[in-house]
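# Breakdown of the fold
Listed below are the residues making up each chain.
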Amino acid sequence: ATVDERADAGSKTYALAPRGADDPQFGFALSLLQNDVTRLCLAGGVAPDALWPAEALLLNLTTLRDALRTRAATALARCSEPGDGGRA
């Protein structure tokens, strides 16, 4: 990533822009990735209202991870209940 030249020179904050960000193919590929992450989260059991905007890839993946951890912990707790023979 490089410092985005469009950032305000007098500002104390800077924006990072990946190399090739102005390439239309990059934008198309990024859009596909955002859609894939959103679909993966929904298929993994994340409620639609728990998702961040599609641009927040890492936040959505973290939400998916947390949902799957919760589901795994629930399944493990059910498996370890006495009298169920170890079945989930």
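Worth saying up front: this structure is predicted, and the values here are computed from it rather than measured.

Across its full length, the protein carries two helices and two strands. Within the protein, the fraction of its 88 residues that count as buried is 16%. At a minimum sequence separation of 6, the contacts of the protein that also span at least 24 residues come to 12%. With the model as given, the accessible surface of the protein reaches about 6,800 Å², and the carbon-plus-sulfur share is 60%.

Attention now goes to the pattern of salt bridges. Where side chains of opposite charge bring their charged atoms close, a pairing between them can arise. A full pass over the atoms with the stated rule returns two salt bridges. For Arg39, the salt bridge is made with Asp36, and the minimal N-O distance between the two is 2.7 Å. Here Arg39 and its partner Asp36 are both found in helix H1 (residues 24-43), three residues apart, which amounts to about one turn of the helix. Looking at Arg39, the relative accessible area reads 52%, which means it is exposed. You can call Asp36 partly exposed: its relative accessible area is 42%.

Among the nonpolar cores identified, the biggest contains six residues, and these are Val37, Cys41, Val46, Leu51, Leu57 and Leu64. Where this core is concerned, the elements lending two or more residues are H1 and helix H2 (57-79). Among all residues touching Val37, those that are not within four sequence positions of it are Leu57, Asn60 and Leu61.

As for its position among the elements, Asn35 is in helix H1. For the pair Asn35 and Leu57, spaced 22 residues apart in sequence, the C-alpha to C-alpha distance is 9.6 Å.

Time to look at the side chain of Gln34. Considering the arrangement of structural elements, one finds Gln34 in helix H1. Those residues in contact with Gln34, other than ones at most four positions away along the chain, are Ala54, Glu55 and Leu57.

Rules used in this analysis
Residues numbered from 1 in each chain as written. Predicted model: local features only at pLDDT ≥ 70, side-chain atom pairs only at ≥ 80, totals over all residues. Heavy atoms only, no water. Helix = DSSP H or I, 4+ residues; strand = E, 2+ residues; numbered from the N terminus. Buried < 20%, exposed > 50% of the residue type's maximum accessible area, 1.4 Å probe, protein only. Contact = heavy atoms within 4.5 Å. Areas by Shrake-Rupley, 256 points an atom, 1.4 Å probe, with all protein chains shown as cover. Salt bridge = Lys/Arg side-chain N within 4 Å of Asp/Glu carboxyl O. Core = buried A, V, L, I, M, F, W, Y, C linked by side-chain atoms within 4.5 Å.

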